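Single-letter residue listing:
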Amino acid sequence: MSTGVGSIGLLVVILVVVIFATFSFVIRRYRRCPSDKILVVYGKTGGGSAKCIHGGGKFVWPIIQDYAYLNLTPISIDANLTNALSRQNIRVDVPCRFTVGISTEPDSMNNAAERLLGLTSNEIQELARDILFGQLRLVIATMSIEEINSDRDKFLDNISKNVEVELKKIGLRLINVNVTDIKDESGYIEALGKEAAAKAINEAKVSVAEQDKYGEIGKAEAVRDTRIKTSEANAIAVKGENNAQIEIANSNAFRREKEAEANRLATAAEKVQQAKALQEAYAAEKEAELARAERERSTQQANIIVPEEIEKQRRIIEAEAEAEKARVNAKGDADAIYAKMEAEAKGLYEILTKQAAGYDKMVEAAGGDANKAYMLLLLEKLPELVKTQVEAVKGVNIDHVTVWDSGSNADGKGSTANFVSGLMKSVPPLSDLFDLAGMNLPEYLGKKTEVQDVTPVEEKKK
């Protein structure tokens, strides 16, 4: 009985240990995702290359799955773009600062997991900077200088639209973009600013002159009304007094004279102020026209002179390339000719060297006698010499020869026999060939017969 109770207790203990170990394993493999990170579970996820989770948690199976985190901390990128070409072909400098971060949208998170997982913040920053530079140049190329400088909302909106699409492809999103002072190399933006400032100053001056004019007119009218009322009161007061009326009339005449003088001075001052205002306005318009002319000149230069310069450089480069090609081809031909002649010279040298060596051995075999060696060479060529003699008359067709003859000659031979004998004598005999070579024909090849004098005795006596 006690043994059964002990076995049950042991099983309970083992079961508790197994449950505790399983619970501990599950706790260790369950990964929670902080709010500033994205949990990426990769391996066998049941669909796609990875499963991204923002917030909450996920159980990560051992062996078949693993996990990593993507940081959502914003990244600040300086994109100080220089020499960007606007729609007017004017190059501008646009210093910008972009703030980007990994997006938490489902599609963008998967793109970030596939393209950014494992990269450092600096590597992500460099990758995003390349995209930002390209899109910023594209936006500037579609806008004029006036739109970029004055309509900043449209400029920033175009940047955001273009950049958002490209950044989403790698899992990033644009948080903020800040554009500071925009400058151009031709001074066009500065000229626009001067033109606007001059226009505002001229408008303010004209407004001040207008208000001064209205003030002077109002003041003169108030003085006039006061004088009139006073004069009326004085006239009523001295109505019965003739002397007083005369004095009042004289006073009024003097007053009117002074008022006329004052009005003349006021009108002259007003005209002077208006003339000064117009003069300053004309000067400002002149500066604006000069700036516009400079802009037109820069535009024409960019549209005409710059392409011509580029075409000129292209033609120079093509001519230099053709000249270099001709030099390379000429050098290759010269090298080929030199190699061929050098090979032929080497071959001829080898042939002559072998022949000289053979001649040396032949002289050595003849006991050092060069004449004997020469005879040996001539004997070696004897079959060819005989063949040459045979070939000399081989092609002569004597099947049918007609000889007109009246009888025997003085030597008793017929004309036909003399013809054949003369034909054979036209071929040089071997003895003559040896004589020309300065040697004697060997006796076993035949001896030269001495020519006997067959002159009749009677003729000798004569």
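In this text, all values refer to a predicted model and were calculated from it rather than measured experimentally.

Peer 1: Please clarify how the overall build of the protein should be interpreted in this entry.
Peer 2: Along the backbone of the protein there are 12 helices and 9 strands. Across the 462 residues in the protein, those meeting the buried criterion constitute 20%. Intrachain contacts of the protein at a sequence separation of at least 6 include 66% that bridge at least 24 residues. In the form shown here, the protein has an accessible surface area of approximately 33,200 Å², with 57% of it arising from carbon and sulfur atoms.

Peer 1: Any chance you could explain the packing of aromatic side chains here in plain terms?
Peer 2: Each aromatic ring pair is described using two quantities: the centre-to-centre distance and the angle formed by the ring planes. Counted according to the given criterion, the structure contains 1 aromatic pair. Both rings, one in Tyr-67 and one in Tyr-69, keep their centres 5.9 Å apart while their planes meet at 80 degrees; by these two values the pair is edge-to-face. With a relative accessible area of 32%, Tyr-69 lands in the partly exposed category.

Peer 1: I tried to follow the nonpolar core on my own but got confused; where do I start?
Peer 2: Generally speaking, a soluble globular protein has its nonpolar side chains buried in company with each other. Ranked by size, the top nonpolar core spans 42 residues in total, and within it Ile-140, Phe-155 and Leu-167 carry the most contacts. Looking at this core element by element, the count peaks at 7 residues for helix α3 (residues 121–141). Ranked by size, the runner-up nonpolar core spans 5 residues in total, among them Cys-33, Leu-39, Val-41 and Ile-53.

Peer 1: I would appreciate a short explanation of α3 in the present structure.
Peer 2: Along an α-helix, a turn takes 3.6 residues, which lines up residues three or four apart on a common side. For α3, which comprises 21 residues, the first-to-last C-alpha distance of 30 Å matches the rise-based estimate of 30 Å (1.5 Å per residue) to within 8%. Of the positions making up α3, those classed as buried are Ile-124, Gln-125, Ala-128, Arg-129, Ile-131, Leu-132, Gln-135, Leu-136, Val-139 and Ile-140.

Peer 1: Is there a simple way to think about the state of the cysteines in this case?
Peer 2: By definition, a disulfide links the sulfur atoms of two cysteine residues through a covalent bond. Taken as a whole, this structure holds 0 disulfides when the rule is applied. Considering cysteine sulfurs only, Cys-33 is the nearest to Cys-52, which forms no disulfide, with 9.7 Å between them. Accessibility expressed as a relative area gives 16% for Cys-52, which makes it buried.

Peer 1: Looking at this structure, how should I read the pattern of salt bridges?
Peer 2: Inspection of the entire model under this criterion finds 19 salt bridges. The partner of Asp-225 in a salt bridge is Arg-224, with the nearest N and O atoms 3.6 Å apart. Here Asp-225 falls in the partly exposed class, since its relative accessible area comes to 38%. According to the relative accessible area criterion, Arg-224 is partly exposed, its value standing at 43%. A salt bridge links Glu-318 to Arg-314, with the shortest nitrogen-to-oxygen separation between them at 2.4 Å. Taken together, the positions of Glu-318 and Arg-314, both in helix α7 (residues 242–365) and 4 residues apart, correspond to about one turn of that helix.

Peer 1: I tried to follow a nonpolar patch on the surface on my own but got confused; where do I start?
Peer 2: Where nonpolar side chains cluster on the molecular surface, the patch consists of Leu-10, Leu-11, Ile-14 and Val-18 and spans about 390 Å² of accessible area. Structurally, Leu-11 is set in helix α1 (residues 2–29). The exposure class assigned to Leu-11 is exposed, which follows from its relative accessible area of 58%.

Peer 1: Explanation requested: the sheet that holds strand β2 (residues 37–43) in the structure shown.
Peer 2: By definition, the strands of a sheet pair up through backbone hydrogen bonds, in either a parallel or an antiparallel sense. Spatially, β3-β2-β5 is the arrangement adopted by the 3 strands of the open sheet, whose pairing is antiparallel. Whereas interior strands pair on both sides, the edge strands pair on one side only; in this sheet they are β3 (50–53) and β5 (65–71). Strand-to-strand twist of the sheet, defined as the mean angle between neighbouring strand axes without regard to direction, takes the value 25 degrees. Alignment of β2 against β3, held across 4 bridges, turns out to be antiparallel.

Peer 1: Help me understand the side chain of Arg-129 in this model?
Peer 2: Mapped onto the elements, Arg-129 comes out in helix α3. Not counting residues up to four positions away in its chain, the partners in contact with Arg-129 are Ile-77 and Asp-78.

Peer 1: How should the environment of Glu-126 be read in this particular structure?
Peer 2: Among the structural elements, Glu-126 can be located in helix α3. Overall, the relative accessible area of 44% leaves Glu-126 in the partly exposed class. Between the C-alpha atoms of Glu-126 and Ile-77, which are 49 residues apart in sequence, the distance is 8.6 Å. At 2.7 Å, the side chain of Glu-126 and the side chain of Arg-129 are in polar contact.

Peer 1: Is there a simple way to explain the pairing of β2 in this structure?
Peer 2: For a regular strand, the rule is simple: side chains alternate between the two faces of the sheet. As judged from the 7 bridges shared by β2 and β5, these two strands associate in the antiparallel manner. Within β5, the residue paired with Lys-37 across the bridge is Asn-71.

Peer 1: Would you mind going over the pairing of strand β6 (residues 75–85) with me for this structure?
Peer 2: By the bridge criterion, 9 bridges tie β6 to strand β7 (residues 91–102) in an arrangement that is antiparallel. Counterpart to Ala-84 in the pairing with β7 is Val-92. Hairpin connection from β6 to β7: 5 residues lie between these consecutive antiparallel strands, with Asn-89 at a positive phi of about 65 degrees.

Peer 1: What exactly am I supposed to notice about the confidence of the model for the protein here?
Peer 2: Interpretation of this model should avoid reading the predicted coordinates in detail wherever pLDDT is low. Put simply, the protein has an average pLDDT of 75, and 73% of its residues get 70 or more. Across the protein, α3 holds the top mean pLDDT of 87, while helix α12 (residues 457–461) sits lowest at 45. Taken together, the stretch residues 450–462 has pLDDT below 50 and engages in 2 contacts with residues farther than four places along the chain or on a different chain.

Peer 1: Please clarify how the environment of Tyr-42 should be interpreted in this entry.
Peer 2: Positionally, Tyr-42 belongs in strand β2. Considered as a pair, Tyr-42 and Cys-52 are 10 residues apart in the sequence and their alpha carbons are 8.7 Å apart.

Thresholds applied
- Residues numbered from 1 in each chain as written.
- Predicted model: local features only at pLDDT ≥ 70, side-chain atom pairs only at ≥ 80, totals over all residues.
- Heavy atoms only, no water.
- Helix = DSSP H or I, 4+ residues; strand = E, 2+ residues; numbered from the N terminus.
- Buried < 20%, exposed > 50% of the residue type's maximum accessible area, 1.4 Å probe, protein only.
- Contact = heavy atoms within 4.5 Å.
- Areas by Shrake-Rupley, 256 points an atom, 1.4 Å probe, with all protein chains shown as cover.
- Phe/Tyr/Trp six-rings, centres within 6.5 Å; stacked < 30°, edge-to-face > 60°.
- Core = buried A, V, L, I, M, F, W, Y, C linked by side-chain atoms within 4.5 Å.
- Expected span 1.5 Å × (residues − 1).
- Disulfide = S-S within 2.5 Å.
- Salt bridge = Lys/Arg side-chain N within 4 Å of Asp/Glu carboxyl O.
- Patch = residues over 30% accessible without salt bridge, like charges linked within 9 Å, V, L, I, M, F, W, Y side chains within 5 Å.
- Pairing = 2+ DSSP bridges.
- Axes fitted to C-alpha atoms, helices over the stretch in contact; angles between N-to-C directions.
- Polar contact = N/O pair within 3.5 Å; in protein donor to acceptor, adjacent residues only side chain to side chain.
- pLDDT = per-residue confidence, 0-100.

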